[in-house]
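Observations on chain architecture
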Amino acid sequence: PGRHGPRLRGPRRRDARQSVTLTVRAPFSAHVVPLSEVPDPVFASGVVGDGCALVPTAAEDCVTVYSPINGVVTKLKPHAAIVTSTRGVSILVHLGIDTVSLHGKGFAPLLEEGDVVATGDPLIHWDLAPVRDATLSPCVPIIVVSPPGLAATSHARGSQVSILDPIFSIEDPA
């Protein structure tokens, strides 16, 4: 043995950096639809990123939207939030289509940009009445916005999910 005891051979650095799977969970209970069915060409085409969309059940009047991952709220608008994981994967939750036109009506953010959240922490309280009154779509795209090009593996396409059920996962290359 050398001066400092036997030389221990651990995994080489390259091997030690295996990819990590990030599971994205449903921020509220809903019906899952593929992005291609989102009634907005920008989301439906996948230009923004991969993911899926959730549609609140017709019986829901108010929805509390929970964080889909552990991370930091890096962007918060009344109708949308981006949560970024410690490894730099950002997930966009966009409440409804064209809902920016409501100027915050029906949306109550429950925290601030920069807040650290755990999966399941409440982000936004959403009253669906203004969306329905304006005949806007309550479809909620949930998208991997960065890093670009990450593919989402669906766990729940075309099914009903409860709050915090896994909806898709991402292989995050280290």
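What comes next concerns the included structure.

Note on aromatic pairs: each is described by the distance of the centres and the angle between the planes. Evaluated as defined, the whole model comprises one aromatic pair. Measuring from centroid to centroid gives 5.9 Å for Phe 107 and Trp 126, while their planes differ by 15°, and the two rings are stacked. Residue Phe 107 is located in strand S8 (residues 107-109), and its partner Trp 126 is located in strand S10 (residues 122-127); the two are separated by 19 residues in the primary sequence. Here the two residues Phe 107 and Trp 126 agree in accessibility, since each one is buried.

On to the environment of Val 32, then. Position of Val 32 among the secondary structure elements: in strand S2 (residues 30-33). In sequence terms Val 32 and Cys 139 are 107 residues apart; their C-alpha atoms lie 9.6 Å from each other.

In a beta sheet, neighbouring strands are held together by backbone hydrogen bonds and run either parallel or antiparallel to one another. Read across the sheet, three strands follow the order S1-S14-S12 without closing on themselves; strand pairing throughout is antiparallel. The open sheet terminates on both sides in strands that have one partner only, identified here as strand S1 (20-25) and strand S12 (152-154). For this sheet, the mean angle separating the axes of adjacent strands, direction not counted, is 30°. By the bridge criterion, three bridges tie S12 to strand S14 (residues 166-172) in an arrangement that is antiparallel. When the sheet's bridge partners are listed, Ala 152 is paired in S14 with Ile 170.

Further remarks concern the sheet that holds S10. With antiparallel pairing, three strands are arranged side by side in an open sheet as S4-S10-S8. Single-partner strands in this sheet number two, and they are strand S4 (62-66) and S8. For this sheet, the mean angle separating the axes of adjacent strands, direction not counted, is 15°. By the bridge criterion, five bridges tie S4 to S10 in an arrangement that is antiparallel.

Let us now look at the nonpolar core. Counting residues in hydrophobic clusters, the biggest one holds 39 residues, and the most contacted among them are Leu 54, Trp 126, Ile 167, Phe 168 and Ile 170. Ile 170 has contacts with Val 20, Thr 21, Leu 22, Val 24, Val 89, Ile 91, Val 144, Leu 150 and Ala 151, leaving out every residue within four places of it along the chain. If you look at the next biggest cluster of nonpolar residues, it comprises 11 residues, including Phe 43, Ile 82, Ile 97 and Ile 143.

Definitions and cut-offs
Residues numbered from 1 in each chain as written. Predicted model: local features only at pLDDT ≥ 70, side-chain atom pairs only at ≥ 80, totals over all residues. Heavy atoms only, no water. Phe/Tyr/Trp six-rings, centres within 6.5 Å; stacked < 30°, edge-to-face > 60°. Helix = DSSP H or I, 4+ residues; strand = E, 2+ residues; numbered from the N terminus. Buried < 20%, exposed > 50% of the residue type's maximum accessible area, 1.4 Å probe, protein only. Pairing = 2+ DSSP bridges. Axes fitted to C-alpha atoms, helices over the stretch in contact; angles between N-to-C directions. Core = buried A, V, L, I, M, F, W, Y, C linked by side-chain atoms within 4.5 Å. Contact = heavy atoms within 4.5 Å.

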